Every structure is written in structure tokens, then in C-alpha cells.
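Each chain, letter by letter, is given below.
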Amino acid sequence: MGKSKRRILHKGINNKIANLKREDALSEVVKACNAKKVDDSTRDLISLFGLSAEELLESGAQYEDVISLKVLLN
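Residues numbered from 1 in each chain as written. Predicted model: local features only at pLDDT ≥ 70, side-chain atom pairs only at ≥ 80, totals over all residues. Heavy atoms only, no water.

Enquirer: Help me understand the overall build of the chain, please; the structure alone is not making it clear to me.
Expert: Of regular secondary structure, the chain possesses five helices and zero strands. Within the chain, the proportion of its 74 residues that are buried is 28%. Nonlocal contacts in the chain, meaning residues at least 24 apart in sequence, comprise 55% of its contacts between residues at least 6 apart. When the accessible surface of the chain is summed, it comes to about 5000 Å², and 50% of that surface belongs to carbon and sulfur atoms. (Helix = DSSP H or I, 4+ residues; strand = E, 2+ residues; numbered from the N terminus. Buried < 20%, exposed > 50% of the residue type's maximum accessible area, 1.4 Å probe, protein only. Contact = heavy atoms within 4.5 Å. Areas by Shrake-Rupley, 256 points an atom, 1.4 Å probe, with all protein chains shown as cover.)

Next up, the structure:
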């Protein structure tokens, strides 16, 4: 994890998880998509890690959910 991401996480933007890996962020976003509960913290994870639509689809997210997040995805 780079210095910038570490600083952002320590500032408290993402209070739930202190040490966050890309795979963990990806699974959190997929869980939120499958539960239909995409909130600001989910959007922050997508933009922080620069997740792509292909990664979300390969991890098990529904196509319709990924399309609804098209503005945030790379």
C-alpha cells in the first residue's frame, strides 16, 4: 500500500478496516453490490483503489449493479 492510501486510511475516511488490501476492498464492494446497499463508503473504496468493471464482474458482482456504478469505474 502506498503512502497516500495509508495516510487516507489513517485519517479516518474508512474507519471499519485499518489495514485494507485491494482484494479486501474488492470483496467489500461486491458484498455491498449484492446486498443492494451501495453507500458513500463503497463509492470511496471504488475511487480509492481505482477498481474496474471487469474486476467487479470477475469477483461475482451482478452486471446490472456494475453498470449502475459506471461513472465511478475505470
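Enquirer: Just checking my understanding: could you explain the nonpolar core for this structure?
Expert: Counting residues in hydrophobic clusters, the biggest one holds 15 residues, and the most contacted among them are V29, L45, I46, F49, L51, L56 and L73. Contributions of two or more residues to this core are made by α2 (22–34) and α3 (40–49). For this core, the element with the most residues is α2, which contributes five residues. (Core = buried A, V, L, I, M, F, W, Y, C linked by side-chain atoms within 4.5 Å.)

Enquirer: Explanation requested: the pattern of salt bridges in the structure shown.
Expert: Any two side chains of opposite charge can pair, given that their charged atoms come close. Applying the stated criterion to the full structure yields three salt bridges. E55 is paired through a salt bridge with R22; the nearest N and O atoms lie 3.0 Å apart. In this pair, E55 is assigned in helix α4 (residues 53–58) and R22 in helix α2, connecting sequence segments 33 residues apart. The exposure class assigned to E55 is partly exposed, which follows from its relative accessible area of 22%. (Salt bridge = Lys/Arg side-chain N within 4 Å of Asp/Glu carboxyl O.)

Enquirer: Help me understand unusual backbone geometry, please; the structure alone is not making it clear to me.
Expert: With the exception of glycine, most residues fall at negative phi, and the peptide bonds are largely trans. For K36, which is not a glycine, the phi torsion comes out positive at approximately 60°. By secondary structure assignment, the location of K36 is in the loop between α2 and α3. The exposure class of K36 is exposed, given its relative accessible area of 59%.

Enquirer: What's the story with α2 in this structure? I'm lost.
Expert: In an α-helix, one turn spans 3.6 residues; hence positions three or four apart end up facing the same way. With 13 residues, α2 extends 18 Å between its outermost C-alpha atoms, agreeing within 8% with the 18 Å of an ideal straight helix rising 1.5 Å per residue. Burial in α2 covers these residues: A25, L26, V29, V30, A32 and C33. Considered in projection along α2, the buried side chains sweep an arc of 160° and stay on one side of the axis. For α2, exposure combined with an orientation more than 90 degrees from the buried face picks out E23 and K31. Packed against the buried residues of α2 are α3, α4 and α5 (63–68). Count one or two residues on from α2 and you reach K36, which has phi positive near 60°. (Expected span 1.5 Å × (residues − 1). Arc of directions from axis to C-beta.)

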